[in-house]
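Given next are the chains, with one letter for each unit.
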Amino acid sequence: EDGIRDDLVTGVQTCALPIFTLIEILIVLLIIGITTTLITLNFNSISSIEKQQNSYEETISFLTQESIVTGHIIGLYVDDSDQYAAFFDKNNQKEIIKSFKKLSKNDSGISKRTFKYQDGTIINLDDNKTTSPILLFYPSGENSGGIIELYYEENIQRILIKNNGEISNEILSY
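Residues numbered from 1 in each chain as written. Predicted model: local features only at pLDDT ≥ 70, side-chain atom pairs only at ≥ 80, totals over all residues. Heavy atoms only, no water.

1. Observations regarding the overall build of the protein chain
To keep things clear, this is the line we draw: The secondary structure listing takes helices from DSSP runs of H or I that are at least 4 residues long and strands from runs of E that are at least 2 residues long, numbered from the N terminus. Whether a residue is buried, partly exposed or exposed follows from its accessible area with a 1.4 Å probe, protein chains only, as a fraction of its type maximum: under 20%, in between, or over 50%, in that order. Here, residues are in contact when the closest pair of their heavy atoms is within 4.5 Å. The accessible surface values rely on the Shrake-Rupley method and a 1.4 Å probe; as for residues, cover is taken only from the protein chains in view.
Across its full length, the protein chain carries two helices and nine strands. Scored against the burial criterion, the 174 residues of the protein chain give a buried share of 28%. Excluding contacts between residues fewer than 6 apart, the proportion of contacts in the protein chain whose partners are at least 24 apart in sequence is 45%. For the protein chain, the computed accessible surface area is about 11700 Å², with 57% contributed by carbon and sulfur atoms.

What follows is the structure in structure tokens.
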């Protein structure tokens, strides 16, 4: 009435913006927490898959180099109970390579491992009873090639091993 506004007299200004309640803030924090957990779990599974791929790449690289250096054809043998690399000496005796680093087996959520030969034959590596190698490495630096498939809970990792030693990796969803 005397021309002075209430907010100037009391020193309190009214706010036109809505104020968040404690429940709304807690819900937002809960959503952020759940999202962070899901992202972290996703990165952990990707990291596990990358480690598995690196293990296969290291093994194939090692056996390729070993074949070139020794001049022997080397076979990678994988069956249901063991993995080893070997070559045949001059007396046609199988010699196991002692420094061979075994591929990791089922310690990262893998439920099944298969190998597909170039001719299309597929074998289950966790139930393999054959005495034949899955891959051959030649002194020229080439190999027999094939596809390793690792079955996880939610996806399949396909590792394509080309004859020239190149490795490509892809993740397929079920």
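Continuing now.
2. Some details on the packing of aromatic side chains
Cut-off, in case you're wondering: Between 30 and 60 degrees the pair is tilted, below 30 it is stacked and above 60 it is edge-to-face, where a pair is any two Phe, Tyr or Trp rings, Trp via its six-membered ring, whose centres lie within 6.5 Å. The criterion for a charge sitting over a ring is simple: Lys NZ or Arg CZ within 6 Å of the ring centre, and within 35 degrees of the ring normal.
Taken as a whole and assessed by the stated rule, the structure comprises two aromatic pairs. Ring centres of Tyr 77 and Tyr 84 lie 4.8 Å apart, and the angle between their planes is 10°; on these two criteria the pair is classed as stacked. The class of Tyr 77 is buried, set by a relative accessible area of 6%. Classification of Tyr 84 by relative accessible area gives buried; the value is 18%. An angle of 80° between the planes, with centres 5.0 Å apart, marks the rings of Phe 115 and Tyr 117 as edge-to-face. Seen from the ring of Tyr 151, Lys 112 lies directly overhead, with NZ or CZ sitting 5.0 Å from the centre.

3. Remarks on the sheet that holds strand E8 (residues 155-161)
The condition that has to hold: Any two strands between which DSSP finds at least two bridges are classified as paired. Axis geometry follows a simple rule: fit a line to the C-alpha atoms, using only the stretch in contact for helices, then measure angles between N-to-C directions, giving values from 0 to 180 degrees.
Across the sheet, five strands lie side by side as E5-E4-E7-E8-E9; this open sheet has antiparallel pairing. Each of the sheet's edge strands pairs with one partner strand only, and the pair in question is strand E5 (122-124) and strand E9 (167-173). When strand polarity is set aside, the average angle formed by the axes of neighbouring strands in this sheet is 20°. Strand direction decides the pairing type here: strand E4 (residues 112-116) and strand E7 (residues 146-151), joined by five bridges, are antiparallel. In the strand pairing of E7, Lys 116 is matched with Ile 147.

4. Notes on the nonpolar core
Convention followed: Residues belong to one nonpolar core when they are buried, are Ala, Val, Leu, Ile, Met, Phe, Trp, Tyr or Cys, and are joined through side-chain atoms within 4.5 Å.
If you look at the biggest cluster of nonpolar residues, it comprises 21 residues, and the most contacted ones within it are Ile 134 and Leu 135. Looking at this core, the elements with two or more residues in it are helix H2 (22-70), strand E1 (74-78), strand E2 (83-88), strand E6 (135-137), E7 and E8. Among residues more than four places away in sequence, those in contact with Leu 135 are Ile 60, Ile 74, Gly 75, Leu 76, Phe 115, Asn 143, Ser 144, Gly 145, Gly 146 and Ile 161.

5. Concerning the side chain of Thr 114
Within the secondary structure, Thr 114 sits in strand E4. Look at Thr 114 and you get buried, because its relative accessible area is 6%.

6. Re the pairing of E4
One ladder, built from three bridges, connects E4 with E5; its direction is antiparallel. Pairing of Phe 115 across the sheet is with Ile 123, part of E5. Between E4 and the antiparallel strand that follows it, E5, lie five residues; Gly 120 among them carries a positive phi value of about 100°.

7. A word on the sheet that holds E2
The strand order across the open sheet formed by four strands is E3-E2-E1-E6, and the pairing between neighbours is antiparallel. Edge strands, defined here as strands with exactly one partner in the open sheet, are strand E3 (94-96) and E6. Each strand axis lies, on average, 30° off the axis of its neighbour in the sheet, ignoring direction. Pairing geometry for E1 and E2, over five bridges, is antiparallel. Paired with Ile 74 across the two strands is Phe 87, which belongs to E2.

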